[in-house]
Amino acid sequence: PIIVLKSGKSHEGSLAAKSHSGSLAGNDAAFDAAFQRAGIIRVNSIRQLFNCAQTLANQPRPKGKNLAIITNGGGPGVIATDSLISARGKLATLSLDTIDKLNESLPSTWSKRNPISILADADAKRYRTAVELCLKDKNVDGILIILAPQVLLDSSEVAREIINIPNQKNKTILAAWLGEDGILEGREVLEKGNIPVFRMPENAV
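Cut-offs applied
Residues numbered from 1 in each chain as written. Predicted model: local features only at pLDDT ≥ 70, side-chain atom pairs only at ≥ 80, totals over all residues. Heavy atoms only, no water. Helix = DSSP H or I, 4+ residues; strand = E, 2+ residues; numbered from the N terminus. Buried < 20%, exposed > 50% of the residue type's maximum accessible area, 1.4 Å probe, protein only. Contact = heavy atoms within 4.5 Å. Lys, Arg positive; Asp, Glu negative; His and termini not counted. Charge placed at Lys NZ, Arg CZ, Asp CG, Glu CD. Salt bridge = Lys/Arg side-chain N within 4 Å of Asp/Glu carboxyl O. Axes fitted to C-alpha atoms, helices over the stretch in contact; angles between N-to-C directions. Parallel < 35°, antiparallel > 145°, perpendicular 65-115°, else oblique. Left-handed = near helix turned anticlockwise from the far one by under 90°. Nonpolar A, V, L, I, M, F, W, Y, C, P; charged D, E, K, R; others polar.

Draft legend 1. Just the overall build of the chain, in detail. Scanning the chain from terminus to terminus reveals nine helices and eight strands. Along the first, second and third principal axes, the C-alpha atoms of the chain reach 60 × 40 × 30 Å. Buried residues in the chain amount to 42% of all 205 residues. Considering only contacts in the chain between residues 6 or more positions apart, those separated by 24 or more positions represent 67%. Placing the 25 positive and 21 negative side-chain charges of the chain at their respective mean positions leaves the two points 9 Å apart.

So this is what it looks like as structure tokens:
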């Protein structure tokens, strides 16, 4: 995979680039078209450059654009959805079998669709169940697991459950652990388990 961060997208930026070492800034639309045709991944910031490199180094490349989002907070799930659609991705349409099994395993008030809201009182076991079912769903190409800090939730326990799930279908798994001190150990567990973890759901998307 090739990742490119090309500056000079705006007219003003292009002029600034030409005055330094970027005399080949040129027409940005032409570069964009060429990158797409060649299968090059274009990013828009240095942060995206490193995030993308980390993901490609640690996870299998997704076979499609269909993402399942698992979250214990409705707001972060909506933010991830908006970011996904704006980035031309797709929310995976869960199979009827997956929905039936989620109905059996989750509280009756779960979202009944993707994004999969497993509710604020979710524990590590509930996270694991949702992830396992999404990994088995043929309509899902990748999974984003979002954790918003809760008083009784041990983020490191959730992380350990996730890294121990067999990924036999070789699907992309990403995580967004929101917060600071209380979730640092959970982030470390995920990174050691080769699951890229981000501070914000939109960065993960």
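So that's the structure; there's more coming.
Draft legend 2. Unusual backbone geometry, seen in detail. Look at the link from Asn114 to Pro115: it is a cis peptide, with omega at 5°. By the element assignment, Pro115 lies in the loop between α5 (96-105) and β5 (116-117). The backbone of Lys112 shows a phi angle near 70°, a positive value even though the residue is not glycine. Mapped onto the fold, Lys112 is located in the loop between α5 and β5. Residue classification places Lys112 among the partly exposed residues on the basis of a relative accessible area of 37%. Backbone geometry at Asn194 places phi at a positive 65°, although glycine is not the residue there.

Draft legend 3. Up close: the pattern of salt bridges. Enumeration according to the criterion identifies seven salt bridges in this entry. Salt-bridge contacts for Asp121 lead to Arg126; the nearest nitrogen and oxygen are separated by 2.7 Å. Exposure remark for Arg126: the relative accessible area of 15% places this residue in the buried category.

Draft legend 4. Highlighting the packing of helix α6 (residues 124-136) against helix α7 (residues 155-163). In contact at an axis separation of 9 Å, α6 and α7 are set at 30° when each is read in the N-to-C sense. Between α6 and α7, the angle falls in the class roughly parallel. Between α6 and α7 lies a crossing whose hand is right-handed. Every residue of α7 that contacts α6 at Ala124, Tyr127 and Arg128 is listed here: Glu157, Val158 and Glu161. For the contact of α6 with α7, the class distribution of residues is three nonpolar, no polar and three charged.

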